[in-house]
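Overview (structure and organization)
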Amino acid sequence: MGQMNPEEWTQQALIDSADAVWGCDTIEKANSFIASLPTPMCLPNYVAGKLGLPVLDATATFIDSYEPKTGKLLYRLPRAQEKDVEDAIRHARAAFQTWSKTTRSERSVYLRRISELLQENRELFAVWESIDQGKTLERARIEVDRAISNFSYFSTYIIHEQTAARMVDGVALTYEHRSPAGVFALISPWNMPLYLLTWKIAPCIAFGCTAVAKPSEITSMSAYLLGILFQKAKLPAGVVNIVLGDGPTTGAALVASPLVDGVSFTGGTQTGIAIRRATAHQIRKHLSLELGGKNPTLVFADSMTPATRERTIRIAATAAFENQGEICLCGSRIYVERAAYEEFLALFTEYVTKKYVLRETMGAVASAQHYSKIRGYLQLAADEKATFSLGSFPPSVEEGGTQGYWVSPTILTDVAPDSVLLKDEIFGPVVTVCPFDDEADAIRLANDSEYGLAAVLLTTDGARMRRVGEQIEAGLVWVNCWLVRDLGTPFGGMKNSGTGREGGEYSREVFTVARTLHLPAY
Ligand code: NAD
């Protein structure tokens, strides 16, 4: 953190760097652009349709953001202060007056255009997302594709949506009328930056609301690119505003503002609690909180036949290690039926060793701070005498060093039943594998968590799929698959994994207000 130097932040410099960044659609071009800069690039906010810096005065500070794969300083971003946030909210409110009155087909055209522009620039977004977050380029492409779908899905959803009407015989016709709920704070985390931010922006503007979005301070690059893309799409000024900054200053000011009508938040459970607390007195405020998880994967012996075990191992491994285990839906607690435990562990370890190769098919974790957190849990595993069936205790690293934040895929066994390793969300490439005795034991272990976001059930017994699936306390249960999803299905968690659901009509609940009109029958 440091004071800003206003001379580095001329409007022309911002335009020049936006043009230059937009031209970097390969890792090589991006790296040579970064290497050519005399000082780190400064990312601007995107407010009222313009890329610009907040008012620079004595209180202005910036945040340094490091490249996970190298540990080097990548860019700086302003820590937007309360007054900058208020300014963005005012623009969103002004834009709401007209945007909320546009027809659904007009809004649909904008969303379609944004989705097409993202498609045209797929590689550009994937390259910067991979550099900024640490994920592999392959994984980043998958997430850009999903961001494209977020806009295309809601561009058609709104022109086909329906509302309910009912007759009270001979007395009245009642119908449900939906109107946009207002200005939203859209706050996202660092693990899938573009994918998750667009999962909020697309429905928000599709349903006629306007937004002030805040990406994570650890990964703001794709939000910056999105601002440039909105300019290219000629999205009316103020419909989406993007402020950069941290949680305690920027995020807190955004959430608490009385001029914000709703908050769609994805992030940690403790932050979700802070947001609920900060808005408890603003009872009208819509809150959608998508929070943390500690998801179980249940492996039944019947899924380990010669015909099915390859699939079982592949799904359990993908659910555990995709995106370095930095997906809220990752299955980081694997429970295996005792009869198949040894065989599963041997095949699983072999598969993970071959499939998840650091720097090739597995990226770096997002930040030095997160690396240290994961390292702390691995220290605990060593202290508690858990077995490292794969992986080892990693060395310490520092921000600004040159090693990057690399954690090898780690499989822990012989973990004590009451260990926090089975309770806390580690959110990295670390998985525990424990045995269970029977179906009841499996359900008990799966539900023995404060969280209830997702679960994976691996079995070939059709009756068990429903019997167990319907007893697992999780918002999403995948049977013999993982992460497949139709965007209309309700997404969200039970217990401390959050409140509210998003997706299709569920997103409409978040971003609209329902009125019931009663018309007399005469
Ligand atoms: P985080 O809660 O620390 O931060 C998330 C966002 O909230 C960031 O933009 C941050 O700046 C902001 N923020 C922090 N404090 C704030 C405050 N007081 N007021 C307003 N905003 C504030 O989470 P993280 O470390 O960025 O992300 C990891 C967490 O996100 C994990 O727990 C993971 O499970 C969760 N997550 C959940 C889902 C889901 O859909 N349920 C998806 C992805 C990630």
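Residues numbered from 1 in each chain as written. Predicted model: local features only at pLDDT ≥ 70, side-chain atom pairs only at ≥ 80, totals over all residues. Heavy atoms only, no water.

Selection rule: UniProt positions are given in the numbering used here, feature names are shortened, and annotations may be inferred rather than shown by experiment.
As annotated in an unreviewed UniProt entry, the chain is Aldehyde dehydrogenase domain-containing protein from Chaetomium globosum. Turning to the chain, the UniProt record has this under Sequence similarities (unreviewed entry): "Belongs to the aldehyde dehydrogenase family."

**Observations regarding the layout of surface pockets**
Quick reminder of the rule: As defined here, a cavity is a set of points on a 1 Å grid over the protein atoms alone where a 1.4 Å probe fits but cannot get out. A pocket is an open set with protein on both sides within 12 Å along at least five of seven lines, and residues line them when an atom is within 4 Å of a point. Grid points are joined across faces, edges and corners, and a volume is the space filled by probe spheres set on the points. Numbering of helices and strands runs from the N terminus, with a helix taken as a DSSP run of H or I at least four residues long and a strand as a DSSP run of E at least two residues long. Amino acid classes used here: Ala, Val, Leu, Ile, Met, Phe, Trp, Tyr, Cys and Pro are nonpolar; Asp, Glu, Lys and Arg are charged; the rest, including Gly, are polar. Per the annotation, domain bounds derive from an automatic or database assignment of domains.
Considered as a void within the structure, the largest pocket measures approximately 1,100 Å³ in volume. Secondary structure elements with two or more residues in the lining of the largest pocket: α7 (193-206), α9 (247-256), β12 (262-266), α10 (269-279) and α13 (368-383). Grouping the constituent residues of the lining of the largest pocket by class yields 19 nonpolar, 15 polar and 6 charged. Split by domain, the lining of the largest pocket shows at least three residues from each of two domains, domain 1 (83-290) and domain 2 (296-479). Roughly 310 Å³ of volume is contained in the second largest pocket. Forming the boundary of the second largest pocket are 20 residues, of which Tyr335, Pro417, Cys434, Pro435 and Leu445 lie nearest the centre. Mapped by element, the contributors of at least two residues to the lining of the second largest pocket are β15 (331-337), α12 (341-355), β18 (430-436) and α14 (439-447). By residue number, the principal contributor to the lining of the second largest pocket is β18, which donates 4 residues.

**Some points on the site of the ligand**
Note the following rule: We call a residue near a molecule or strand as soon as one heavy atom of that residue lies within 4 Å of the molecule or strand. Pairs of N or O atoms within 3.5 Å make up the polar contacts considered here, provided that, within protein, one atom can donate a hydrogen while the other can accept it, and that residues adjacent in sequence are counted only when both atoms are side-chain atoms. The way we define it, a molecule is inside a pocket or cavity when more than half of its atoms are within 2 Å of that pocket's grid points.
Around the ligand, a shell composed of 29 residues is seen, among which Ser188, Glu217, Thr271, Leu291 and Glu425 lie nearest. For the ligand, an oxygen atom lies 2.8 Å from a polar atom in the side chain of Lys214. Among the cavities detected, the one that contains the ligand is the largest pocket. Contributions of two or more residues to the shell around the ligand are made by α9 and β12. It is α9 that provides the largest number of residues to the shell around the ligand, a total of 4 residues. Residue classes in the shell around the ligand are distributed as 13 nonpolar, 11 polar and 5 charged.

**Re the packing of helix α2 (residues 27-36) against helix α5 (residues 122-133)**
Rule in force here: Orientation is described by lines fitted to C-alpha atoms, with helices fitted over the stretch in contact, and by angles between N-to-C directions that extend from 0 to 180 degrees. An angle counts as roughly parallel when it lies under 35 degrees, as roughly antiparallel when it exceeds 145, as roughly perpendicular when it falls between 65 and 115, and as oblique in every other case. For any pair of crossing helices, the crossing counts as left-handed if the nearer helix is rotated counterclockwise from the farther one by less than a right angle, and right-handed if it is rotated clockwise. Contacts were defined at the residue level, with two residues in contact if any of their heavy atoms lie within 4.5 Å.
Where α2 contacts α5, the axes come no closer than 9 Å and their chain directions differ by 55°. Judged by the inter-axis angle, α2 sits oblique to α5. The chirality of how α2 crosses α5 is right-handed. Contacts between α2 and α5 involve Ile27, Ala30, Asn31, Phe33 and Ile34 from the first element and Val127, Trp128, Ser130 and Ile131 from the second.

**Topic: the packing of α5 against helix α6 (residues 137-160)**
Interaxial distance between α5 and α6 falls to 8 Å at its minimum, and their mutual angle equals 125°. Here α5 is positioned oblique relative to α6, judged by the angle of their axes. Relative to α6, the crossing made by α5 is right-handed. Side by side, α5 and α6 meet where Arg122, Glu123, Phe125, Ala126, Val127, Glu129 and Ser130 of the first sit next to Leu137, Ala140, Arg141, Val144 and Asp145 of the second. A class-by-class count of the residues in the contact of α5 with α6 yields 6 nonpolar, 1 polar and 5 charged.

**A closer look at the pairing of strand β5 (residues 61-66)**
The criterion, for reference: Relative accessibility thresholds used throughout: buried, under 20% of the residue-type maximum; exposed, over 50%; partly exposed, between the two (1.4 Å probe, protein chains only). Strands are treated as partners if at least two bridges between them are detected by DSSP.
Judged by how many residues are buried, β5 sits mostly within the fold: 6 of 6 residues are covered. The alternating pattern of β5 places Thr61, Ile63 and Ser65 on one face and Phe62, Asp64 and Tyr66 on the opposite face, and all of these are buried. Relative to strand β6 (residues 73-78), β5 runs antiparallel, the two sharing 5 bridges. Each bridged residue has a counterpart across the sheet, and for Ser65 the counterpart in β6 is Tyr75. The hairpin formed by β5 and β6 contains 6 residues between the paired strands, and Gly71 there has a positive phi angle of roughly 80°.

**A look at the pattern of salt bridges**
The cut-off we apply is this: By definition, a salt bridge exists where a carboxyl oxygen of Asp or Glu is found within 4 Å of a side-chain nitrogen of Lys or Arg.
The full count for this structure, using the stated rule, is 27 salt bridges. Arg76 serves as the salt-bridge partner of Asp64, at 2.6 Å between the closest nitrogen and oxygen. Pair noted here: Asp64 is in strand β5 and Arg76 is in strand β6, with a separation of 12 residues, a long-range link. Arg76 shares its class with Asp64; the two are buried. We note a salt bridge from Glu161 to Arg508, for which the minimum N-O separation is 2.9 Å. Of this pair, Glu161 sits in the loop between α6 and β7 (165-168) while Arg508 sits in helix α16 (residues 504-511), placing them 347 residues apart in sequence. Look at Glu161 and you get buried, because its relative accessible area is 18%. Through salt bridges with shared partners, a single ionic network connects Lys135, Arg139, Glu143 and Glu322.

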